[in-house]
Amino acid sequence: MSRPDHAPAAPSRERSRRHSWVRVFLPVALILVWLVGASLGGPLFGKIDEVSSNDQTTYLPESKDATQVQELLGEFNDSDSIPAIAVFTSESELTESERETISDAVADAPAVEGVGEDVSPALASDDGLAAQAFIPIEADAELADATTALGEQLRAAVPDGVTVYITGPAGFSADLVAGFAGIDGLLLGVALLAVLVILVLVYRSFLLPLVVLSTSLFALCVALLVVWWLAKFEILLLSGQTQGILFILVIGAATDYALLFVARFREELRVSQDKGAAVAAAWKGSFEPIVASGGTVIAGLLCLLLSDLKSNSTLGPVAAIGIVFAMLAALTLLPALLLLFGRAVFWPRRPKFEPEVVAAEHGMRTTGLWARLAGLVKRRHRLIWITTTVVLLAGAAGVTQLNASGIPQSDLALGASEARDGQVALGEHFPGGSGSPAYVVVAEDRIQDAADVLLANDGVDGVSVTAADSPSGSAPVTADGITAVGPPGTPAPAPTAVDGEVLLQATLTDAADSDAAASTVRELRTGLDDLDALVGGVTATSVDTNDASIHDRNLIIPVILVVIMFILMLLLRSVLAPVLLILTTVLSFGTAMGVSALVFNGIFQFPGADPAVPLFGFVFLVALGIDYNIFLMTRVREESKAHGTREGILRGLSITGGVITSAGLVLAATFAALSVIPILFLVQLAFIVAFGVLLDTFVVRSLLVPALAYDIGKAIWWPSKLGRGGHDPR
């Protein structure tokens, strides 16, 4: 029996219903999954300090002297408190009554919440114009609150005319805590607002910016959820610096990937009335460049695992996790949202269905800024790439002015600083290193030998040894041995020994964070080398950190270049194109660093830069900057297959110009937002990356790369088959 003519229609309608059901269910399910993840990660924004640390020694390799000494300090002192130095100054010599009042105020300091019991007596300076006391802050205390409360109580208790400063390690650490305090709210708010304004101005739409920002914010919340728990279980180390970079990186990268997808979606809506088909085509066209770009950034970040400094090596996986979720959000959550909203997402400027116009344009607009720029590249390509190269080289020459050998701890936090002012006052009346001594761990039978080396150095003002039976917990060591503490006839106290080793404290004549103090520590290490002594403390930690940063910079930068070049070769199926892209990106980085050096020295008058600044600047500028070349060249390769290399270059530039420029503006704005955090390292990184991204967007990717590639022609794809094609005249 034959089937009726209309029999096949039933299965067709059934498939259509299933297709419609999947089209609705899948995006809703994806959105719900992301919503659940974001609802779990969002509340953790205010709890990051529970799993983070800003202690420099935490990030040093275990083999470093400063790390080993820090681990031993608790055994000698039976305390892991953070020392604060209270400095009291007066314009006239302190009277006996004033000194007694200061002593009483210091003795009452443990009444402040977070202050330890082992407070030292107030010691007067030789000139009689100042006094100082060492006051421990408990390790589990809220550092900023404790130091603020301590300062307020002391000021209320001392006589009029006496100025009080809280400085020392606790004071400077409190400055850092206060500086990072705005990361959860201020930094994120400024970054999101900047992105929102740019998106509204570029797209002149109200809904689309919210959809893109939602994608970025959900990616950040889920990334934070994963990172927070990894830090909670001590799998990763998290600091305020890493936290700020994670926020900015995820917001910037997720927005860039989203803009690339949206641009493809808009293109497809011009030739397809079906929003589902447009989303599918956009996903297919965006998948490779998004994954390649994200993979390049991840590969660059994971190269930081080679770092000696844990602050660098842990940033790699933390930031890589953020990039993974930025990619996932752009390839899952964003398509789901676009599938639900369709053309309405672009309201009030919805893209028209105009396949005949697209056909007439052959897929490329012939009017507008980027079409005109493509025409200029066609006519003046050689002049353009030579001129831009010369200008960039001139800017890169300024890199010789960059001072990235390290900065004093007192300059880490920008703006007013009581700790910095107190350090200055301390140096005017006491040895500059008071309160932040160099710690020396040496064998018990070599105490005098070590003390002689220390005392022979002009950078050392005095030496003492930890002694539990001494009233002050330590006893002076002179050329004649350990000195008794107390009335005449008091026997010299016995030094505290732990596993046959003792702890010497050398008070330096220079401020602990000064270059002179660093030189003294290096000299002491050389002089004590035969005694197998370990030298630690604030200055030694800074020295070891700077040395490790320089080692990391010299090792990791070449490795990143090789890794990224290999990825580009796989992506573009070429050798010459990746080499040229890397060279142009490195040139852009050099120019960004050169201009930054001139700005830092001449305009902002910064005291210098941390050795990690060039490394971090390189990682973000090269890894992120190469993204725009990937966006451009993957489209150029796609167009070259159909139209030939030179035509493909012009078409790729014209088609991607708007979206890449928008992405560059967004990324520059998000990194610029780091400057609202008053930490020198982040402010410098913000300027370098923001300026470098703009340079890469408007000069390198818009002019240099297209003009150079156009001049070379099809040979740019050597040795692939595309480089041997017949589309080009030569």
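Treat the numbers as computed from the prediction; the structure is a model and nothing was measured.

Engineer: Explanation requested: the packing of aromatic side chains in the structure shown.
Structural biologist: By convention here, two paired aromatic rings are described through the distance between centres and the angle between planes. In total, this model carries 16 aromatic pairs according to the counting rule given. Ring geometry for Trp228 against Trp229: centres 4.9 Å apart, planes inclined by 80 degrees, an arrangement best described as edge-to-face. Accessibility expressed as a relative area gives 40% for Trp229, which makes it partly exposed. Centre to centre, the rings of Phe265 and Phe346 are 6.1 Å apart; their planes meet at 20 degrees, and the pair counts as stacked. Taken as a pair, Phe265 in helix H8 (residues 240–269) and Phe346 in the loop between helix H11 (315–341) and helix H12 (355–361) lie far apart in primary sequence, 81 residues in all. Each member of the pair, Phe265 as well as Phe346, carries the same accessibility label: buried. Put simply, the rings of Phe600, Phe604, Phe606, Phe687 and Phe691 pair up and form one aromatic cluster. Between Arg646 and the ring centre of Tyr710, over which it is positioned, the NZ or CZ distance is 5.5 Å.

Engineer: Looking at this model, I keep getting lost on a negative patch on the surface. Mind explaining?
Structural biologist: On the surface, Asp49, Glu50, Glu113, Glu117, Asp118, Glu138, Asp140, Glu142 and Asp145 cluster together into a negatively charged patch. Positionally, Asp118 belongs in the loop between helix H3 (96–107) and strand E2 (123–124).

Engineer: I'm lost on the sheet that holds strand E4 (residues 163–167) in this one. Help?
Structural biologist: The strands making up a sheet are joined through hydrogen bonds of the backbone, oriented either antiparallel or parallel. Here 4 strands make up an open sheet; going across it, the order is E2-E3-E1-E4 and the pairing antiparallel. Lying at the two open borders of the sheet, with one neighbouring strand each, are E2 and E4. Pairing geometry for strand E1 (residues 82–89) and E4, over 5 bridges, is antiparallel. Each residue of the ladder has a partner; that of Val87, found in E4, is Tyr165. Sheet strands touched by helix H14 (residues 418–429): E1, strand E3 (130–137) and E4. Its angle to E4, the strand with the most contacts, is close to 110 degrees.

Engineer: In this structure, what is going on with a nonpolar patch on the surface? I would like to understand it.
Structural biologist: A surface patch of nonpolar side chains, about 410 Å² in accessible area, is lined by Val28, Leu32, Leu35, Leu340 and Phe341. Among the secondary structure elements, those contributing two or more residues to the nonpolar patch are helix H1 (9–41) and H11. Tracing the backbone through its elements, the reader meets Val28 in helix H1.

Engineer: Whenever I open this one, the pairing of strand E9 (residues 501–508) confuses me. Can you help?
Structural biologist: On a regular strand, one side chain projects to one face of the sheet and the next to the other, so that they alternate. Among the 8 residues that make up E9, 6 are buried, leaving the element largely enclosed by the rest of the structure. Of the pairings in the sheet, the one linking strand E5 (residues 438–443) to E9 comprises 6 bridges and is antiparallel in character. Residue pairing across strands places Val441 opposite Leu503, the latter belonging to E9. For strand E6 (residues 460–466) and E9, the ladder comprises 5 bridges, and the chain directions are antiparallel.

Engineer: Looking at this structure, how should I read the pattern of salt bridges?
Structural biologist: Where charged atoms from two side chains of opposite charge come close, those side chains can pair. Per the counting criterion, the structure on display carries 13 salt bridges. Close ionic contact of Asp547 with Arg522 constitutes a salt bridge, the shortest N to O distance being 2.9 Å. Highlighted residues: Asp547 in helix H17 (residues 538–572) and Arg522 in helix H16 (residues 515–527), separated in sequence by 25 residues. For Asp547, a relative accessible area of 28% translates into the label partly exposed. Judged by its relative accessible area of 40%, Arg522 falls in the partly exposed class. Here Asp544 and Arg525 are joined by a salt bridge, their closest N and O atoms 2.7 Å apart. With Asp544 in helix H17 and Arg525 in helix H16, the pair connects residues that are 19 residues apart, well separated along the chain.

Engineer: Help me understand the nonpolar core in this model?
Structural biologist: Side chains of nonpolar character tend, in soluble globular proteins, to be buried together. Membership of the largest hydrophobic core comes to 161 residues, with the highest contact counts inside it found for Tyr257, Phe265, Leu301, Phe616, Phe620 and Phe671. One finds Leu454, Val477, Leu524 and Ala540 within the second-largest nonpolar core, a separate group that totals 25 residues.

Engineer: How should the side chain of Ser720 be read in this particular structure?
Structural biologist: Inspection of the secondary structure puts Ser720 in the segment after helix H21 (680–712). A polar atom in the side chain of Ser720 sits 3.4 Å from the backbone oxygen of Arg573. Among the polar contacts made by the side chain of Ser720, one reaches the main-chain carbonyl oxygen of Trp717 at a distance of 2.7 Å.

Engineer: Would you mind going over the confidence of the model for the protein chain with me for this structure?
Structural biologist: Any segment with low pLDDT has predicted coordinates that should not be analysed in fine detail. Per-chain confidence: the protein chain averages 86 in pLDDT, with 91% of residues scoring 70 or above. Predicted confidence is poor over residues 1–10, with pLDDT under 50, and the contacts of this stretch with residues over four places away or in other chains come to 0 contacts. Predicted confidence is poor over residues 726–730, with pLDDT under 50, and the contacts of this stretch with residues over four places away or in other chains come to 14 contacts.

Engineer: Where do I start with unusual backbone geometry in this structure?
Structural biologist: As a rule of thumb, non-glycine residues mostly have phi less than zero, and peptide bonds are mostly trans rather than cis. Each neighbour pair has its own omega, and for Trp347 with Pro348 the value is 10 degrees, a cis peptide bond. Among the secondary structure elements, Pro348 is positioned in the loop between H11 and H12. A cis amide bond links Trp718 to the next residue, Pro719, at an omega of 5 degrees. Among the structural elements, Pro719 can be located in the segment after H21. Positive phi, close to 55 degrees, is recorded for Arg573, a residue that is not glycine. The exposure class assigned to Arg573 is partly exposed, which follows from its relative accessible area of 42%. With phi around 55 degrees, Gln605 is a residue other than glycine that occupies positive phi space. Note on placement: Gln605 falls in the loop between helix H18 (576–604) and helix H19 (612–643).

Engineer: Looking at this structure, how should I read the packing of H8 against helix H20 (residues 645–672)?
Structural biologist: Two packed helices can be described by the angle between their axes and the distance between those axes. Running from N to C, H8 and H20 cross one another at 160 degrees; their axes reach a closest spacing of 9 Å. It follows that H8 is roughly antiparallel to H20 by the angle criterion. Handedness of the crossing formed by H8 with H20: right-handed. Residues Ile248, Leu249, Ile251, Gly252, Ala253, Thr255, Asp256, Leu259, Leu260, Ala263 and Glu267 of H8 lie in contact with H20, whose contacting residues are Ile655, Val659, Ser662, Ala663, Val666, Leu667, Thr670 and Phe671. Partitioning the contact of H8 with H20 into residue classes produces 13 nonpolar, 4 polar and 2 charged.

Engineer: Looking at this model, I keep getting lost on the pairing of strand E10 (residues 534–537). Mind explaining?
Structural biologist: Alternating residues of E10 divide into Leu534 and Gly536 and Val535 and Gly537, and every residue in both groups is buried. As defined by bridge partners, E5 adjoins E10 across 4 bridges and the pair is classed as antiparallel. Following the sheet pairing, Ala438 is matched in E10 by Gly537.

Engineer: Even after reading the chapter, I still don't get the sheet that holds E6, so can you show me in this structure?
Structural biologist: Pairing in this open sheet of 6 strands is antiparallel, and the strands run E8-E7-E6-E9-E5-E10 from one edge to the other. Each edge of the sheet is formed by a strand with only one pairing partner; in this case those strands are strand E8 (481–482) and E10. Lying over the sheet, helix H2 (residues 65–77) contacts E5, E6, E9 and E10, oriented at roughly 80 degrees with respect to E10. The strands that H16 touches are E6, E9 and E10; relative to E9, the one it contacts most, it runs at about 145 degrees.

Cut-offs applied
- Residues numbered from 1 in each chain as written.
- Predicted model: local features only at pLDDT ≥ 70, side-chain atom pairs only at ≥ 80, totals over all residues.
- Heavy atoms only, no water.
- Phe/Tyr/Trp six-rings, centres within 6.5 Å; stacked < 30°, edge-to-face > 60°.
- Buried < 20%, exposed > 50% of the residue type's maximum accessible area, 1.4 Å probe, protein only.
- Helix = DSSP H or I, 4+ residues; strand = E, 2+ residues; numbered from the N terminus.
- Lys NZ or Arg CZ within 6 Å of the ring centre and 35° of its normal.
- Patch = residues over 30% accessible without salt bridge, like charges linked within 9 Å, V, L, I, M, F, W, Y side chains within 5 Å.
- Areas by Shrake-Rupley, 256 points an atom, 1.4 Å probe, with all protein chains shown as cover.
- Salt bridge = Lys/Arg side-chain N within 4 Å of Asp/Glu carboxyl O.
- Lys, Arg positive; Asp, Glu negative; His and termini not counted.
- Charge placed at Lys NZ, Arg CZ, Asp CG, Glu CD.
- Pairing = 2+ DSSP bridges.
- Contact = heavy atoms within 4.5 Å.
- Axes fitted to C-alpha atoms, helices over the stretch in contact; angles between N-to-C directions.
- Core = buried A, V, L, I, M, F, W, Y, C linked by side-chain atoms within 4.5 Å.
- Polar contact = N/O pair within 3.5 Å; in protein donor to acceptor, adjacent residues only side chain to side chain.
- pLDDT = per-residue confidence, 0-100.
- Parallel < 35°, antiparallel > 145°, perpendicular 65-115°, else oblique.
- Left-handed = near helix turned anticlockwise from the far one by under 90°.
- Nonpolar A, V, L, I, M, F, W, Y, C, P; charged D, E, K, R; others polar.

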